[in-house]
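# An overview of the molecular structure
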Amino acid sequence: MSPSDHESGSLPPPQDPARRRFLSATAVAGLAGAGLSLGLAACKKSDTAGAAGPAVAASGKVDYSKYEVPPGQLDTYYSFSSGGHSGEVRIYGMPSGRLFKRIPVFNMDCLVGWGVTNESKAILGTRPDGSPKYTTGDTHHVHPSYTNGTYDGQHIFVNDKIHGRLARIRLDTMECDKITELPNVQGFHGVFPDKRDPVDAKINHTTRVFCGMEFHTPQPNDGRDMDDPKKYFCLFTCVDAQTMEPRWQVKVDGNMDLVATSYDGKLACSNQYNTEGGVHYEDMMSAERDSCVFFHIARIEEAVRQGKTFTIGTSKVPVVDGTQAANSDPKTALTCYVPVPKNPHGVNASPDGKYYACSGKLSPTATLIDHALVLQWFDGQLKTPRDTVVAEPEIGLGPLHTAFDGRGNAYTTLFLDSQIVKWNLEAAKKAFQGDKTAQAVVDRIDVQYQPGHGFTSMGETREADGKFFLSDNKFSKDRFLPVGPLHPESSQLIDISGDKMVLVADHSVYSEPHDSIIVRRDIIKTRQIYDLSDFPNATTKVQDCRLERQGKKVTIHLTSQAPAYGLREWKVKKGDEVTIILTNIDKVEDLTHGFAIPKYNINFIVNPQETKSVTFIADKPGVYWCYCTNFCHALHLEMRSRMMVEA
Ligand code: CUK
Ligand code: CUA
Ligand code: CA
């Protein structure tokens, strides 16, 4: 975006506050330069002055104090947020916007020691030299496990777009416990757990996690077919939520972007912006329509059981053919490709289980697809997949993601308009049926600026409570103190409990959250401390601390207890392979110790009653003070042990 773009004058006369106009113009000019023509007529003037919101006085003034969390009081919600190309997941309090924790997942983290300790490396996967296989990650979508259509507080699943990995986080410790690399997948973008079993009525919780693949590649991607993009294809992967092993994959036409699942467990779906199979962006937007592809889970699993599968390269995961050519008879089809306007982004299931909203992105529309009608298509009762569409309201420019309030309204982020638009599902359906009096759009509010994902409190569950909407915006520009060329992103809190949306807080967030979820705090039950018995290698008493040598392998069994480690010093020889197993035997909640060795690149923490280990080659003779990094005691600075490496 060059400064001249701001004056490009290709927009209707300004009506909104200057700052909003500034960015919209930039973004639209940028896209127009890319050969895009957008229906600018759809850009309507916003009307956001809150009058009926619950914290808005008759004067029109918002009582912001209602949304503050005073000292000593706790938030009412957790917000779990992806960290984008930071590779992590973050936990915030809502409505305060306080950052509580950053959970390292695919990234290195020298506070926790993620990528440093043997335990974290075992989860991350290693190279033959013992270093982590990858040290970069790109998290986009976080979704917890479900029971009875709502969050059960067990796990959160998060994708890694860059290396095609799925991670699971335990919600009792808020730590990653498994990472799975999906076979033959590049650009793993959308992820969603199932909400119940499609066949067994007794299984009312998450047992599968569905993973979309955005970047089509030759299969296997080993150097073959590189110049023949027609042979490239994508895979939709089902991972077992318990074992985290891939169960099966589906070959699909086109790409997959976001993923959503039904409340009855029967369907999963993914929006597709590149049904063209293009390799350049012009090709990817050449068709007027793309698709939202639906997967019939029970039929796919039956096909896998019957062995109607193939494998790709060295992967043993069974693959079924979900291409349109192989699924022309609805009554046996594994997939249903519903046409939607060009290059959609985002698909979300409504909390009543009835609809999927697919955002237009390059079309100023949202497409509402009826769940029951998709099932009817699979039963052969509909003429075409397009007959499953029950509404397609014009909502504004650059629609990306949709959230729901549980009262029949949808809230869609408008990237180009820098707005959130509230639209009513029933009104949109009536308008689609030709009722000229029906008005789908009921409210709009400006956000600062260019929103990506938006999400409502409990909005992806049956318990959607319609209280808050968070808009995670891609640009913050002038909303915060300047901090150099890299700006923070803005996450804006909107009260949606009334007829009118009311902006009630600007929170800054580190680049770059994509998706988040807002979870009622009573659902989350965390452990206060670890349990020593969970660690077979724990050293439970100071007296048990020792050095064990087997040839050149040295193991140091060590405890930490404020303000000392269980051994004051130890000696090893140059060239020894040293493993330090450290158990924090302090039982006091919050009493964490650290362990760092200068020049050896070792740095990690142990929480109360937790055990972690590190292994390294003692290749540098000399004295190295192993010291505590986590302030734990008045003698925290004195908490150190001497490692002597003999030449
Ligand atoms: S994608 Cu980022 S704003 Cu990865 Cu969910 Cu739409
Ligand atoms: Cu132990 Cu600081
Ligand atoms: Ca397209």
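On a predicted model such as this, the values are computed, not experimentally measured, just so you know. (Residues numbered from 1 in each chain as written. Chains lettered and ligands numbered in written order. Predicted model: local features only at pLDDT ≥ 70, side-chain atom pairs only at ≥ 80, totals over all residues. Heavy atoms only, no water.)

### Some points on the site of ligand 1
Taken together, His140, His141, His189, Leu258, His345, His401, Gly452, His453, Lys474 and His514 make up the full set of residues adjacent to ligand 1. Partitioning the shell around ligand 1 into residue classes produces 1 nonpolar, 8 polar and 1 charged. (Near = heavy atom within 4 Å. Nonpolar A, V, L, I, M, F, W, Y, C, P; charged D, E, K, R; others polar.)

### Side note on the pattern of salt bridges
The tally for this structure, following the rule as stated, stands at 33 salt bridges. Across the pair Glu181 and Lys133 runs a salt bridge, and its minimum N-O distance is 3.0 Å. Of this pair, Glu181 sits in strand S7 (residues 175-181) while Lys133 sits in the loop between helix H2 (118-124) and strand S4 (142-147); the two residues are 48 residues apart in sequence, bridging distant segments of the chain. Judged by relative accessible area, Glu181 falls into the partly exposed class, the value being 34%. In this structure Lys133 comes out as partly exposed when scored by relative accessible area, which is 31%. Arg520 is paired through a salt bridge with Asp522; the nearest N and O atoms lie 2.8 Å apart. Overall, the relative accessible area of 43% leaves Asp522 in the partly exposed class. Overlapping salt bridges bring together Asp194, Asp197, Arg208, Asp240, Arg247 and Glu301 as one network. (Salt bridge = Lys/Arg side-chain N within 4 Å of Asp/Glu carboxyl O. Helix = DSSP H or I, 4+ residues; strand = E, 2+ residues; numbered from the N terminus. Buried < 20%, exposed > 50% of the residue type's maximum accessible area, 1.4 Å probe, protein only.)

### Points about the coordination of the calcium ion (ligand 3)
In the first shell of the calcium ion (ligand 3), the protein supplies Tyr273 (O), Glu276 (OE), Glu276 (OE), Met284 (O), Asp290 (OD), Asp290 (OD) and Asn343 (OD1), at 2.2 to 2.8 Å from the metal. For the calcium ion (ligand 3), the donor residues sit on a single chain with the sequence spacing Y-x2-E-x7-M-x5-D-x52-N. Of the two residues, Tyr273 is situated in the loop between strand S13 (267-272) and helix H3 (281-284) and Met284 in helix H3; the sequence distance between them amounts to 11 residues. Residue classification places Tyr273 among the buried positions, given a relative accessible area of 14%. (Donors = N, O, S within 2.8 Å, 3.2 Å for Na, K, Ca; no water.)

### A short note on the packing of aromatic side chains
Tallying each qualifying case throughout the model produces 16 aromatic pairs. When the ring of Tyr67 is compared with that of Phe468, the centres are 6.2 Å apart and the planes differ by 75°; the resulting orientation is edge-to-face. Residue Tyr67 is found in the loop between helix H1 (18-33) and strand S1 (77-82), and its partner Phe468 is found in strand S26 (residues 468-473); the two are separated by 401 residues along the sequence. In this structure an aromatic cluster arises from ring pairing among Phe210, Phe236, Trp248 and Phe295. Positioned over the ring face of Tyr263 is Lys195, at 4.2 Å from the centre of the ring. (Phe/Tyr/Trp six-rings, centres within 6.5 Å; stacked < 30°, edge-to-face > 60°. Lys NZ or Arg CZ within 6 Å of the ring centre and 35° of its normal.)

### Concerning the confidence of the model for the protein
Per-chain confidence: the protein averages 92 in pLDDT, with 92% of residues scoring 70 or above. Low confidence marks residues 1-52, where pLDDT is under 50. Its contacts with residues over four positions away, or in another chain, come to 80 contacts. (pLDDT = per-residue confidence, 0-100. Contact = heavy atoms within 4.5 Å.)

### Focus: the nonpolar core
In terms of nonpolar packing, the biggest core is built from 63 residues, with Phe80, Val105, Leu166, Phe236, Trp248 and Phe295 touching the most fellow members. At 5 residues, strand S10 (residues 234-240) tops the list of elements feeding residues into this core. Excluding anything up to four places from it in sequence, Phe80 contacts Arg90, Ile91, Val142, Ile156, Leu171, Met174, Asp515, Ser516, Ile517, Val519 and Ile524. Counting 38 residues, the second-largest nonpolar core is a separate cluster that includes Val338, Val340, Leu368 and Leu373. (Core = buried A, V, L, I, M, F, W, Y, C linked by side-chain atoms within 4.5 Å.)

### Things to note about the sheet that holds strand S29 (residues 516-520)
Taken together, 4 strands build an open sheet; the order of strands is S3-S2-S1-S29 and the sheet is antiparallel. The sheet is open, and its two edges are formed by strand S3 (99-104) and S29, each paired on a single side. The average undirected angle you get between the axes of adjacent strands in this sheet is 20°. Bridge analysis of S1 against strand S2 (residues 88-94) gives 6 bridges, and the strand direction is antiparallel. When the sheet's bridge partners are listed, Tyr78 is paired in S2 with Gly93. (Pairing = 2+ DSSP bridges. Axes fitted to C-alpha atoms, helices over the stretch in contact; angles between N-to-C directions.)

### Some remarks on helix H5 (residues 371-378)
Of all 8 residues in H5, 6 are buried; the element is thus mostly enclosed. Residues His371, Leu373, Val374, Leu375, Trp377 and Phe378 constitute the buried set of H5. Residue Asp370 occupies the N-cap position of H5, its side-chain oxygen lying 2.9 Å from the main-chain nitrogen of Ala372. Gly380 lies just past H5 and shows a positive phi near 80°. (Polar contact = N/O pair within 3.5 Å; in protein donor to acceptor, adjacent residues only side chain to side chain.)

### Focus on the side chain of His189
Structurally, His189 can be placed in strand S8 (residues 188-193). Within the structure, His189 has its side chain in polar contact with the side chain of His140 (distance 3.1 Å). A distance of 2.9 Å separates a polar atom in the side chain of His189 from a polar atom in the side chain of Glu214. Beyond its immediate sequence surroundings of up to four residues, His189 is in contact with His140, His141, Asn159, Lys161, Gly212, Glu214, Asp257, Leu258 and His345.

### Overview of the environment of Tyr263
Among the secondary structure elements, Tyr263 is positioned in the loop between strand S12 (259-261) and S13. Residue classification places Tyr263 among the buried positions, given a relative accessible area of 6%. Taking C-alpha positions, Tyr263 is 60 Å from Val645, a pair spaced 382 residues apart along the chain. Apart from the residues lying within four places of it in its own chain, the contact partners of Tyr263 are Gly149, Lys195, Arg196, Ala349, Ser350, Pro351, Gly353, Glu460, Thr461 and Arg462. Within polar-contact distance, the side chain of Tyr263 engages the backbone oxygen of Glu460 at 3.0 Å. A distance of 3.2 Å separates a polar atom in the side chain of Tyr263 from the backbone nitrogen of Thr461.

### Notes on the state of the cysteines
Evaluated as defined, the whole model comprises 0 disulfides. Cysteine Cys176 shares no disulfide, and the gap to the nearest cysteine sulfur, in Cys211, comes to 14 Å. The exposure class assigned to Cys176 is buried, which follows from its relative accessible area of 4%. No disulfide involves Cys545; its nearest neighbouring cysteine sulfur is the one of Cys626, lying 13 Å away. (Disulfide = S-S within 2.5 Å.)

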